[in-house]
Amino acid sequence: MIELRNLSKNFITADGPVDALKHVTLKINDGDIYGIIGMSGAGKSTLVRCINMLERPTEGSVIWDGTDLGALSKKDIQQVRHQITMIFQSFNLLMQRTCLENIMLPLKLIHMPRAEAKKKALELLETVGLPDKANSYPAQLSGGQQQRIAIARALATNPKVLLCDEATSALDPKTTHSILDLIREINRTMGITVIVITHQMSVVQEICNRVAILENGTVVEEGDVSQIFSNPKARATKALVFPDVAEGMDDYKPANQQTVRLVFQGAEATAKPLITSMAIDCRIAANILSATTRTLDGKIYGNMLLSIPGGPDELATAVKYLSKAPSVTVQVDVEYTSQGEETAEEASVNE
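Trainee: How would you summarise the sheet that holds strand β4 (residues 59-64) if you had to cite specific residues and measurements?
Mentor: The strand order across the open sheet formed by four strands is β2-β1-β4-β5, and the pairing between neighbours is antiparallel. The open sheet terminates on both sides in strands that have one partner only, identified here as β2 (16-28) and β5 (67-68). The pairing of strand β1 (residues 2-13) with β2 spans nine bridges and is classified as antiparallel. Across the sheet, Asn-10 pairs through a bridge with Asp-19, a residue of β2. Lying over the sheet, helix α1 (residues 44-51) contacts β1, β2 and β4, oriented at roughly 120° with respect to β1.

Below, the structure is given as structure tokens:
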């Protein structure tokens, strides 16, 4: 387990002090593929560099397997970095060395015999799907292939944790998908904990099981990916999960209307939409005021705001019908005028 306790990092710049991280507390369990996401300048890269002590925190602790990394000597930290390895957006390969030599480099640093190191590097080339590139130079490879070599190099010392700092940001969507598939397979077969630093929610959606959202150096939301996608609470999270939704639309509550909010928490995507089914079965034609939903592994997550026509009876019928749908929470927020009187009611129904 990696535990970040009250982690802060301050820098002194020409323009004055900068608080890059502010009291970050997280737990990353063994075997997780844990996403840390935020916009540019949120503090993501600083955070990942604090995890392996490339940056020393100004305050707080990084605890790995019960050891406070901040209390270790430089020599001991070097040993830890063989177990907490890192891949980067720019690959960081040595261009004057072959792919095989790049992979062997960390093995040379730990004084592994050359024959043994070569055998290990050849095995890792097989692992990343490039067994024929041993004698090629990085400049002869595509971006995706270079990242595969960087991953092989990171795996050379049999690490327990793999840090991925915007590792797919320089790649096209198809290549990104293939690299994420490789990382997922490494996590599954080798049991390596993966920490993914990214600004792309699609990356988190594809491979992560948990995620933390950073904004201005602070964790504003954290939890299971399915939970975050189904009901994002922080404004920064909403902007990342549903970037195409107009500012403030999710909080829109029209006056003089009965509104019902559906929270999809992994509802199965079906050929017969829920709202259409209600119109057919109950003769209630709800108006969709806003929808912030997306599909993850064939399941729907997010919110939908409906306007229900009619009065209290129609509302009750709609709530009863919608509440029967599995993995859907129905939240009622009613404001309507009837015979000159305004009433309000709130309810929440979980199935």
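Read on for the rest.
Trainee: Break down the pattern of salt bridges for me, citing the residues and quoting the values.
Mentor: Enumeration according to the criterion identifies seven salt bridges in this entry. A salt bridge links Glu-3 to Arg-5, with the nearest nitrogen and oxygen atoms 3.2 Å apart. With a relative accessible area of 16%, Glu-3 lands in the buried category. Put simply, Lys-9 and Glu-55 hold a salt bridge, and the shortest N to O gap is 3.7 Å.

Trainee: With reference to specific residues and values, describe the packing of helix α10 (residues 274-282) against helix α11 (residues 312-322).
Mentor: Packing of α10 against α11 leaves a shortest axis separation of 11 Å and a crossing angle of 125°. Looking at the two axes, α10 sits oblique to α11. As for the relative orientation of α10 and α11, their crossing is right-handed in sense. In this structure, α10 uses Leu-274, Ile-275, Ser-277, Met-278, Asp-281 and Cys-282 to contact α11, whose residues at the interface are Thr-317, Ala-318, Tyr-321 and Leu-322.

What counts and how
- Residues numbered from 1 in each chain as written.
- Predicted model: local features only at pLDDT ≥ 70, side-chain atom pairs only at ≥ 80, totals over all residues.
- Heavy atoms only, no water.
- Pairing = 2+ DSSP bridges.
- Helix = DSSP H or I, 4+ residues; strand = E, 2+ residues; numbered from the N terminus.
- Contact = heavy atoms within 4.5 Å.
- Axes fitted to C-alpha atoms, helices over the stretch in contact; angles between N-to-C directions.
- Salt bridge = Lys/Arg side-chain N within 4 Å of Asp/Glu carboxyl O.
- Buried < 20%, exposed > 50% of the residue type's maximum accessible area, 1.4 Å probe, protein only.
- Parallel < 35°, antiparallel > 145°, perpendicular 65-115°, else oblique.
- Left-handed = near helix turned anticlockwise from the far one by under 90°.

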